[in-house]
Each structure stands twice: as structure tokens, then as C-alpha cells.
Amino acid sequence: MRRIAIVVCLGFSLTWAVQAESKKEEADALKACAEVVIKGFRKIANSRDSRFNGKVDEARALCRGGQRALQFRNTPWVDWSNYWGSGGVESLPTGFLNNKLPAQRGIAGALIDLEQQRIELIKFNLFDNNQTYEGFIKGRAGHPGPTLTQWDALRLLPTNVNYKAVGGDGKQVCSGELIRWRTLTGICNDVFNPAMGSTGTLFMRNVEFDTTFPDLGKNELVRNRHGDRLGLLKPDPQVISRRLFTRTQHDEKSCNQGFGLPGAAVSANCDYEAAPFFNVMAAYWIQFMTHDWFSHMEEGHNDTSQWMNVGCETQLVNGVPQPLTREQIEKLGCRPTDRIDKSYVAESSDPDHFSANQKDYLSRAPKTFSNNNTAWWDLSQIYGYDEVSQHRTKRDPKDRAKFLLVDTGKGSGYLPVFDAADPILPQWKGQESAAFADNWTIGLSFLHNVFVREHNSFVDEFRKADRLKPTADSGLRNPANPKKPILNKDVSDEELFQVARLVVSAEIAKIHTIEWTPQLLYDEPLYRGMNGNWNGLIGDSDPLLSKILSDIITKGLGRSSSTKKNIGWYSVFASGPGIFGLGSKVNGYDITRPEMLNGGVNHFGAPFNFPEEFVTVYRLHPLIPDLLEYRDLQDPNRIAAKVPVVETFEGKATDEMRTRGIENWAVTLGRQRLGLLTLNNHPAFMQNIKIPRLESETQQIDIAALDLIRDREHGVPRFNEFRRQYGLRQLTSFDDFVDQHEPKDSAARRKQEEAVRTLREVYGQHVCDASKQITDAQRNEDGSFINDCLGHPNGSLIDNIEDVDTVVGWLAEYTRPHGFAISETQFVVFILNASRRLFSDRFLTSSFRPEFYTTMGVDWVNDNGPGPAQMEKGMPNGHKQLVSPFKRVLLRNIPELRAELENVVNVFDPWGRDRGSYYTLEWKAGPGAEGDPAFPKQ
Ligand code: HEM
């Protein structure tokens, strides 16, 4: 009895203590909020060295996240992830008079920070290589650079077959047939800049040109930053790969270097760190996307006239490179005789200089590279990006509006296999037909089959409508006769094929924006942000987001102390359609008026293409497991085989797809978790892959090491300067990678500290010299220049943190916002470029209209398929939402999946996982999946 009384007493005083603490926190937070109101909006920076950096003042942190947000203000990582409501259930405030209000402040605060970052990224991180940069800095004919919308550098050349059609030597403007569809090579998306985003145009940059190619040591800041420590093979990429990328196996034999066991035996096992909230389908999705967006390679190879070594030669000993001994090579498992073909270079002559604002500028980077794909979201991996790739696709001879699918006796039809006449490399023989055929595996086979089926589903639905109402207006218009409605019955096969391409491309852009990304970044601010990104373009904007954006523009930019300097930016952001997105809902739309077609796009003064830095942050090879846990839809809770990914490579994918069946591959890719993007989590098979085209003794290559080499070839700044360039805080030692949220004695923390020790061994240390300024992108808080000592005493031994390769750096970021499958450094690159990819594309802004898509097509994209919009059951994470676009695609094209998808809200969340409450990351079985061996027994 006495014991009970003590417990009750203790419980009571504990509750009282918690209440008292909450009350104090609430009072402090409210006081801080009042202070924030008085301080007003943070202004958008006037110069790059006074940017936001994702760090707020004390009052803002306290107002938006209480004590927890204050606690981590001294780390280099962004503050918003510690605000109320920005994480899982634990981030929701307890004990407050009204718990909802602080959470709303937290989420709104996070959205403000993100929007502020985005605007400063647009302002400070656009560097085009196509000879337009001088105009961006100086302006033209009285117009500030950021407001320019047309550039001569993006005219079609006389060698282009459409040169005359767009105006030849005179003013070039696209019209007629060239403006109706997504063209093969991507020309005429922007009607005033025909070549923008087309195949073969140059990758741009997001970092100042003179920070690129640090290995070349072209200027004093770079030399001060890195000394002579960098080179193409310095530090040694294969040594980095083996020490910092290799997955640890508890049983090497059953993994067999990622090649598994004969017969796809279930007893095989390759350990990997898995992400609990993202599935393998999401991994293949992003490979599928990158094959649409960019490629440095041409027809599956680089410059085969030049072969180079790829390391496994040296390691640092006390900061000095020493040759590896035979024993060391054996122990590491690397291969000194591997070779690879060098990257193609478009231009390598010295760039021109120009001066403005008392400063000297480079007009482009010291070397440039072509994007051999269209940069638009146009599904060029399916439809083609030049004549050769288009020849690899196959139309259905019985209905030219469709793709050919063959009957293999299993359901709805599969992609046909390449035939002898197709323009393919020898290693692609036996693969299924696709425009982008390189690095083909079962995941790409799956997604290509699904979206080719989706193309045909749209055609079928249109033909159904045509049968029912042949004389109804399709919505489509031809600029040759713009007033005449094109009736359903008059839509030609070619027109319908091209409409289907527009519709499926937009559908994919939507899936990526509001389904894949919110699962990649699984928290409330990003759910809101990504939906706002899409709906701002296509439908009704989120009122909270609109208010935040207009506040930033009017209060942050408009009241800037240097309004004159900012005028260009003010007019860009305040101009409306592009950033608020609509532009497609204009009265009196006329497809013969180019200014209307293009009226909703916004390039912010720099023509659209991807930057090299974007490619870097998409080097996501750790996402792929070595072995696929094959499941059969009839018995999805059983792992029936462990299929090595390499056994699904190239032509082998065809057999796997057809014999096991697309519905079984769906549940296989849907249930398994993908690999976390972290150190020591690269697939073993990728470090040892055999590529028969390679001219080397081994014919093997370590793709993980190659990722580093390619970035060095492309002149990507190393991690710390990369962060500074993007307006993020620098690190001052390897210790900064350790996540301060982890308890001191936890296993996770010990593992991170171990990784820090390895980083120190691999990249080394040096005695610093405080007289050497190393950057002009940022300054110390006291306004002084950042020097080689990074705040440590002059002459002390400091980490070579400046030398860390960018991919290594972002993999080592253990501190991440809640639910982030990527790091904050990668994320900041996405904020900028993923937004631009939407804002710059007229087919996703002002040409998203029935005149191009048909009325059915516009509805199909908005409602996620035919018929009325369908609502998802319940309120996932508190939101009423449509059945997701990808779920509808799968239900339409693989109807066998209905039962399996019953409880799936987001197709990229591992099927079978209990989605639980508010953004949980818990790995727990949902209804019906309790018997699945991937989940711990409950
Ligand atoms: C089985 C799966 C995969 C294999 C075998 C594979 C293989 C390769 C190879 C051989 C390269 C070319 C290296 C070079 O010579 O430059 C490459 C490049 C690349 N891969 Fe993968 N990859 C796979 C999955 C992925 C995934 C899931 C992603 C995620 C986005 C990805 C992103 C990239 C990127 C961004 C490049 C650089 C492309 C460029 O430079 O234009 N890969 N991959």
C-alpha cells in the first residue's frame, strides 16, 4: 500500500514537473514569437556571403521548436528539422495549452526557411555554360540579367533540319507542328529559345565557375584550400571505395561478392543497411528518371580513344601518398589493372573573361560537357532523344498510336525484344526494346513495361470515348487552323501517340513530385512543400505556401536595403505565373501566339539544363541491394528466391521478367527496402562488375570508385566548398559528421565515430596556415575571411575536410531531417533544380492545356487516371488525399495487384509496412504482412 502511495506520489510530482516545464517552455516560446514579429521578415541576401545558411536566430528557433531547436543551433546542419511538427510523433509538442499551435508554427517556420533557401538558390546559384552568363551579370538593353528571357546562344544552328522552320538567320520563334508536342530532340519546348534543353546542349553549373576543377589549382583561393593534395587519382578512389563504401558482410561466402548463390538460392545473403520507409521500386524509379534527364555517355560509352587508370595505387601515410604493397592491395580487394574510357569533353580551351561590378568573371567553366539526352521531363528514355535512340522503340503496326507489346501468354503483354536490325551495342542483345538501353536490369524492365502499358491504356480509353462520342470536341487544336475544333473521330494516330506521350510524361512528373519525393523526404513540411510545388503549377495552390511566398517577396525582397540592386529579382519573383505556377488558366488562350504558349515559364535569367552538381547528387548507387528477395504474389509473405541483381542484367532481365511475371516483380520490388545512402553501403557487385566492352585485363570496374573519378573529371568542387556555394554551413573537422542527436554511448554514435577515424586516415590532416584565405563564398560570423585553419589555432594539425569528395561527404552526413533518405546537401541541390525543371517547362505550365493534351488528357493528369477522382481511405498523416497517381497506374496496368495494394498509400513506402501514425519510420508489419520474414516477429 505504501509502495503504491509512493508510486502515485512520484507519478504526480513527475506530471507536475513536466507540466511546469511545459508551461515555462510555452511562455518562453511565446515571448520569442513576439520578438520575431517585431524583428520582421528576414531579408533575402544581397550578396552571396550574407546568405541565410539554413540557420535562424535564437528567437526564431525558440518560437518554432522550443528548447530542442535551440540545442542544435551550433551544429553546421539546418535548423528547421528541429522545429515542432517537422519530425515524427516525438516532434509534436506535449503539455501545451493548445498543442496544435506550436506544431503549426514549426511547420510554417520550416516552410519559410525552405522557401527562403530556394529564392536565394535561384538568385545565387545559376551559372550557364552556353555563353549567356555575361548577360546574366550585366543585363541587356536596360533589362537586368535575371529578367532576360531570350538568348542567341540557344538558336538552332544551320545544320539543324528545323533551322529554316524556326526562322533561319532571322529572329527564331517556333511555330506550327514544332510547337504541338514534345519533339524528339527536345527543341521548341521554349518557343523563343528553340535549342534550350535539347539533346547535346551543355550541362550548366550551380557553383561559381572559378570554384570548378579544384584539381587544376587555377586560382589562389583553390590553391590555398587544397594545397597540392588533389588530383584525378588523389586521394586514391579505389582505396576510398574499399575503405568507405564497402558493405560489411557477416558471412562473405553466402554473399559471394554480391553475386549470390547458384539457382538464386534463398540461403544466399548479402547484408546491407536498409531504409525502413523506402522500397527497391523507389531505387529503380530514380535510375529510370535519370535516364530521362541526362547522360554524359554516348550510346553506352565514353571517349574510347582515351583509356585511363582508375587507382588502387596509393594510400596516405601521415598525409603523404605511398604506393600500395601487394599485400595491402589484396587486403583491400581493389584492382590496379582496371581501366576505363575518359569522359567526353565538349570544350577545354581557356574560357573568356569579362569584368563587371569591379570584378573579373569567367564566362564559363574551364571545361564543359554535353548532356546527350533531352533535359526535359519528356520520357525520352522511352520515346527517344535522337534518331538512333528512336529507332530502338517499336510502334504497334495494328494501331500506330500505340507501342508494340507482345503476347507471351501472360496477361497484358510485354515489351518486344530488340531485333537484329536495331541500332544496339552487342551487350544489349536480347534486351527489351527501349530508347535508353544502357545499364538495364529488372527494375528498368519493370518500369518501362508499366509505362508503355500506361501509354497504351490512355490510347484505349481515348478510343473508347471516340466510339461513344465521335463528334465531341477532343480539345486538341492545330495551329494551322486554330479555331477549328478537332473532333474525337478526327484525331489521327500520330496525334494520339504524341498526346499520350504528353500525358504519361506529365503523370510521371506528378508521381515524382508528389509521391516519390514526399516518401524520399518523409515529413510534413516536405509533404506540404512538394504538393505546393505541383499544385502551384497545375491547380490550386496551398494558401499557407502562397502566403509565405508572397510575404518573402514583398517583405523580404521588396523591403531590401538595396532595392535598386534587387529590382531584377523582385520583378522575377513577383511576376506571377512562373513561380506561382499557373499560366495555363488564361482566358482567350490562342495557340498561334507564342507569348501565350511560353507565358508561364520562368528561367530566372539562365536557360534551363541540369548542372554537373545535380548529376553528382544523383550518384545513388547504394540504393541497390545485391540480392532481390523474390516474392510471388500468390504468397507474398514468403521469400521464394534471392535473385542477384547481376543475374537480371541486360538481356537476362527479359527472361526474368517473362518467366516470373510482372505482377510478381511488382510485389518483389514493392516489399523490399532499399539501401540507405550512407557510408559503407555500396553494393558489392557494383565494385566488381564485369563490363565486356572495357579494354583492360580485368574488364572489371568499381562503379563506386568511378563515381568519384567522374566527378573529379567534371570539376565538381569538393564537399565543404560545395556546401558553402549552395549556402550551407561548412564543416570544420570530420567530427562534425557525428549526429549530436545520438546519445553519447549509443551503438549508432560509436559507429559514426569509427567512420570519422577512417575518413581521417583516408583523407589525412595538415598543419594549417591562418594567413591563407580559402573561399569568398562565405565569411566567418565576425565578418573576417574564412582561412585554412577553419577556426582552429594557426599552425595546428587539422583535418583535410576541404578535400573530401562531394559524394563521400553527403554519404557521411549522419545528421538528417526526419524521414530524409538523402542528406541535406543533396536536398539543397534538389530544391533548386527540381523546381526549375517544372518552372522552365512550358508543357507543365502555360502549355498544360487541352489544345495540346486533349480535355481527357488534362483530366487524366489532374485526377490520376480516367473517370472521376478517387479518394484514398482515411486521413494518412492527417491529409485527405486522392488515391496516389502511381497506385492508380499500377491498378490499371497490373490489375492482379489489387489485394496487395489495398493498404498501400504511397507506392514507394515498402508494401506491407504499417504506416502507423504521424510520419513514423518504424519497421513494423501491417495487416496481412505479419508473416513476412522481413519484419521482426511481434
Ligand atoms: C543495377 C543498377 C545499376 C547499375 C549496374 C549502374 C551502372 C552504372 C554505370 C556503369 C555507370 C556509368 C559510369 C561511367 O562510365 O561514367 C553509371 C552511371 C550513373 N548511374 Fe548508375 N547504375 C545502376 C543504378 C543506378 C541507380 C539506382 C541510380 C540512381 C539515380 C544511378 C545513377 C547513376 C548516375 C547519376 C550516373 C552518372 C550518369 C552520367 O554521368 O551521366 N545508377 N551507372
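For the structure itself, consult the block above.
Presented here is an overview of the structure given in this document. (Residues numbered from 1 in each chain as written. Predicted model: local features only at pLDDT ≥ 70, side-chain atom pairs only at ≥ 80, totals over all residues. Heavy atoms only, no water.)

## What to know about helix H25 (residues 747–763)
Alright, step 1. With 17 residues, H25 ought to run about 24 Å at 1.5 Å a step, and its terminal C-alpha atoms sit 24 Å apart, in line with that.
Alright, step 2. For H25, the complete set of buried residues consists of Arg749, Gln752, Ala755, Val756, Thr758, Leu759, Val762 and Tyr763.
Alright, step 3. Here the buried face of H25 lies against helix H6 (237–245), strand S3 (314–317), strand S15 (765–767) and helix H26 (806–811). (Helix = DSSP H or I, 4+ residues; strand = E, 2+ residues; numbered from the N terminus. Expected span 1.5 Å × (residues − 1). Buried < 20%, exposed > 50% of the residue type's maximum accessible area, 1.4 Å probe, protein only. Contact = heavy atoms within 4.5 Å.)

## Re the pairing of strand S11 (residues 641–644)
Alright, step 1. Of the two faces of S11, both are covered, the one formed by Ala641 and Val643 as well as the one formed by Lys642 and Pro644.
Alright, step 2. Of the strand pairs in this sheet, strand S10 (residues 627–630) and S11 are connected by 4 bridges, and their pairing is antiparallel. Counted as the bridge partner of Tyr630 is Ala641 from S11. (Pairing = 2+ DSSP bridges.)

## Topic: empty space enclosed by the protein
Space left empty within the atom packing is revealed by a probe, the size of a water molecule, rolled over the atoms.
Alright, step 1. Here the structure, examined in full by the defined rule, presents 10 cavities of 30 Å³ or more.
Alright, step 2. Quantified by volume, the largest cavity comes out at close to 1000 Å³.
Alright, step 3. His291, Met297, Asn439, His621 and Ile703 are, among the 42 residues lining the largest cavity, the residues nearest its centre.
Alright, step 4. Within the residue set of the lining of the largest cavity, elements represented by two or more residues are helix H8 (280–293), strand S5 (339–342), helix H22 (684–687) and helix H23 (703–713).
Alright, step 5. Here the lining of the largest cavity takes 6 residues from H8, the largest share from any one element.
Alright, step 6. When the residues that make up the lining of the largest cavity are grouped by side-chain class, the tally is 22 nonpolar, 13 polar and 7 charged. (1 Å grid on protein atoms, 1.4 Å probe; cavity = no way out; pocket = protein on both sides within 12 Å on 5 of 7 lines; lining within 4 Å. Points joined across faces, edges and corners; volume = space filled by probe spheres on them. Nonpolar A, V, L, I, M, F, W, Y, C, P; charged D, E, K, R; others polar.)

## Here's the deal with the site of the ligand
Alright, step 1. In the vicinity of the ligand, 24 residues are found, and the nearest of them are Gln287, His296, Asn439, His621 and Arg710.
Alright, step 2. At 2.8 Å, a side-chain N or O of His296 approaches an oxygen atom of the ligand.
Alright, step 3. For the ligand, an oxygen atom lies 2.7 Å from a polar atom in the side chain of Arg710.
Alright, step 4. When each cavity is represented as a set of grid points, the ligand is found to reside in the largest cavity.
Alright, step 5. Secondary structure elements with two or more residues in the shell around the ligand: H8, H22 and H23.
Alright, step 6. No other element matches H8, which puts 4 residues into the shell around the ligand. (Near = heavy atom within 4 Å. Polar contact = N/O pair within 3.5 Å; in protein donor to acceptor, adjacent residues only side chain to side chain. Sits in = over half its atoms within 2 Å of the grid points.)

## Some thoughts on the layout of surface pockets
Alright, step 1. Roughly 1200 Å³ of volume is contained in the largest pocket.
Alright, step 2. Contributing to the lining of the largest pocket are 46 residues, with Phe52, Lys55, Val56, Asp57 and Arg729 lying nearest its centre.
Alright, step 3. Of all the secondary-structure elements, those providing two or more residues to the lining of the largest pocket are helix H1 (2–39), helix H2 (58–71) and helix H3 (100–124).
Alright, step 4. Among the elements that make up the lining of the largest pocket, the one with the highest residue count is H3 (5 residues).
Alright, step 5. Each residue belonging to the lining of the largest pocket can be placed in one class, and the counts come to 13 nonpolar, 16 polar and 17 charged.

## Observations concerning the coordination of the iron atom of the ligand
Alright, step 1. On the protein, His621 (NE2) is the one donor atom to the iron atom of the ligand, at 2.1 Å.
Alright, step 2. Residue placement: His621 occurs in the loop between helix H19 (612–617) and S10. (Donors = N, O, S within 2.8 Å, 3.2 Å for Na, K, Ca; no water.)

## So, the state of the cysteines
What we call a disulfide is simply a covalent bond connecting the sulfur atoms of a pair of cysteines.
Alright, step 1. All told, the structure shown has 5 disulfides when counted by the stated rule.
Alright, step 2. Sulfur-sulfur distance for the disulfide between Cys33 and Cys63 comes to 2.1 Å. Handedness here is read from the sign of the S-S torsion; for Cys33 and Cys63, about 95°, the answer is right-handed. With Cys33 in helix H1 and Cys63 in helix H2, this pair connects stretches of sequence that are 30 residues apart.
Alright, step 3. Classification of Cys63 by relative accessible area gives buried; the value is 8%.
Alright, step 4. Cysteine pairing in the protein chain follows 1-2, 3-4, 5-6, 7-8, 9-10, where each cysteine in a disulfide is numbered by its order in the sequence. (Disulfide = S-S within 2.5 Å.)

## Overview of the environment of Arg760
Alright, step 1. For Arg760, the location among the structural elements is in helix H25.
Alright, step 2. When its relative accessible area of 23% is taken as the criterion, Arg760 is described as partly exposed.
Alright, step 3. With 171 residues separating them along the chain, Arg760 and Gly931 place their C-alpha atoms 44 Å apart.
Alright, step 4. Residue contacts for Arg760: discarding those within four places in its chain leaves Phe734, Asp735, Gln765 and Asp799.

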